[in-house]
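In case you want the letters, here they are:
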Amino acid sequence: QVQLVESGGGLVQPGGSLRLSCVASGSIFSINAMGWYRQAPGKERELVTGIISGGSTNYADSVKGRFTISRGNNKNTVYLQMNSLKPEDTAVYYCYAQGGVAGVLYWGKGTLVTVSS
């Protein structure tokens, strides 16, 4: 089992920045990918970005050039640096971890990001 705890959400004005953090605990040796999804009100959950063990990353087109995912030195922490935030980035952001042979997905409880003036 892997437990994930997110932090860093909040209210920010359009054009502002926020940094989300996600710390994994438990069977972290099994993790081979981590990243972030988001779910806006009335919409389906969508992939924002992910990073695999080798360091490769992927981003949704809507956040490319504005968001950056990175890992901590101990690799059980991921960060999401969000710049040039837009009102449409408003959502609950969920950290995920994928691990094991079966690729089990684990989820955090989410952190709310609100972009509004």
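For the structure, see preceding data.
How each quantity is defined
- Residues numbered from 1 in each chain as written.
- Predicted model: local features only at pLDDT ≥ 70, side-chain atom pairs only at ≥ 80, totals over all residues.
- Heavy atoms only, no water.
- Helix = DSSP H or I, 4+ residues; strand = E, 2+ residues; numbered from the N terminus.
- Rg over C-alpha atoms; globule rule 2.2 N^0.38 Å.
- Buried < 20%, exposed > 50% of the residue type's maximum accessible area, 1.4 Å probe, protein only.
- Phe/Tyr/Trp six-rings, centres within 6.5 Å; stacked < 30°, edge-to-face > 60°.
- Salt bridge = Lys/Arg side-chain N within 4 Å of Asp/Glu carboxyl O.
- Core = buried A, V, L, I, M, F, W, Y, C linked by side-chain atoms within 4.5 Å.
- Contact = heavy atoms within 4.5 Å.
- Pairing = 2+ DSSP bridges.
- Axes fitted to C-alpha atoms, helices over the stretch in contact; angles between N-to-C directions.

Participant: Help me understand the overall build of the protein chain, please; the structure alone is not making it clear to me.
Facilitator: A tally of helices and strands in the protein chain yields zero helices and eleven strands. The helix and strand sequence of the protein chain, counted from the amino end, reads β-β-β-β-β-β-β-β-β-β-β. Relative to the 2.2 N^0.38 estimate, which gives 13 Å for 117 residues, the radius of gyration of the protein chain is 14 Å and therefore close to what a compact globule would have. Counting every position in the protein chain, which comprises 117 residues, the buried fraction comes to 42%.

Participant: Explain the packing of aromatic side chains here, please?
Facilitator: We describe a pair of aromatic rings using the distance from one ring centre to the other and the angle between the two ring planes. Inspection of the entire model under this criterion finds three aromatic pairs. Ring geometry for Y37 against W107: centres 5.1 Å apart, planes inclined by 70 degrees, an arrangement best described as edge-to-face. Placement of Y37 in strand 4 (residues 31–39) and of W107 in strand 10 (residues 104–107) is noted, with a sequence separation of 70 residues between them. Given the relative accessible area of 22%, Y37 is considered partly exposed. On the basis of relative accessible area, W107 is assigned to the partly exposed category, the value being 34%. With centroids separated by 6.2 Å and ring planes inclined at 55 degrees, the aromatic side chains of Y96 and W107 adopt a geometry described as tilted.

Participant: Looking at this model, I keep getting lost on the pattern of salt bridges. Mind explaining?
Facilitator: Pairing between side chains of opposite charge can happen when their charged atoms approach one another. Under the definition given, this model contains four salt bridges. Residues E46 and R38 are paired through a salt bridge, measuring 2.7 Å at the closest nitrogen-oxygen approach. Residue D61 is joined to K64 by a salt bridge in which the shortest nitrogen-to-oxygen separation is 3.1 Å. A residue is classified by how much of its surface remains accessible, and D61, at 63% relative accessible area, is exposed. One salt-bridge network, held together by shared partners, links R38, E46, R66 and D89.

Participant: Please explain the nonpolar core as it appears in this structure.
Facilitator: Nonpolar side chains in soluble globular proteins tend to end up buried together. Ranked by size, the top nonpolar core spans 28 residues in total, and within it L4, M34, W36, F67, L80, M82 and Y93 carry the most contacts. Broken down by secondary-structure element, the contributors of at least two residues to this core are strand 1 (2–7), strand 3 (18–26), strand 4, strand 5 (46–52), strand 7 (67–71), strand 8 (77–82), strand 9 (91–99) and strand 11 (111–115). Non-local contacts of M34, meaning those with residues more than four positions away in its chain, are made with L4, C22, A24, G50, I51, I69, K75, N76, V78, C95, Y96 and A97.

Participant: Could you clarify how one ought to interpret unusual backbone geometry in this entry?
Facilitator: Most peptide bonds take the trans form, and the phi angle of most residues other than glycine is negative. Positive phi, close to 50 degrees, is recorded for S84, a residue that is not glycine. Topologically, S84 is positioned in the loop between strand 8 and strand 9.

Participant: What is the right way to look at the environment of P41 in this model?
Facilitator: The residue P41 is located in the loop between strand 4 and strand 5 in this model. Remark: the alpha-carbon pair of P41 and A91, spanning 50 residues in sequence, is separated by 6.8 Å.

Participant: What is the right way to read the sheet that holds strand 3 from this model?
Facilitator: Adjacent strands of a sheet form backbone hydrogen bonds with each other and so pair up, either parallel or antiparallel. The strand order across the open sheet built from four strands is 1-3-8-7, with neighbouring strands paired in antiparallel fashion. Since the sheet does not close on itself, it has two edges, and those belong to strand 1 and strand 7, each with one partner. Strand-to-strand twist across the sheet, computed as the mean angle between neighbouring axes with direction ignored, equals 15 degrees. The pairing of strand 7 with strand 8 spans five bridges and is classified as antiparallel. Bridged to T68 within strand 8 is Q81.

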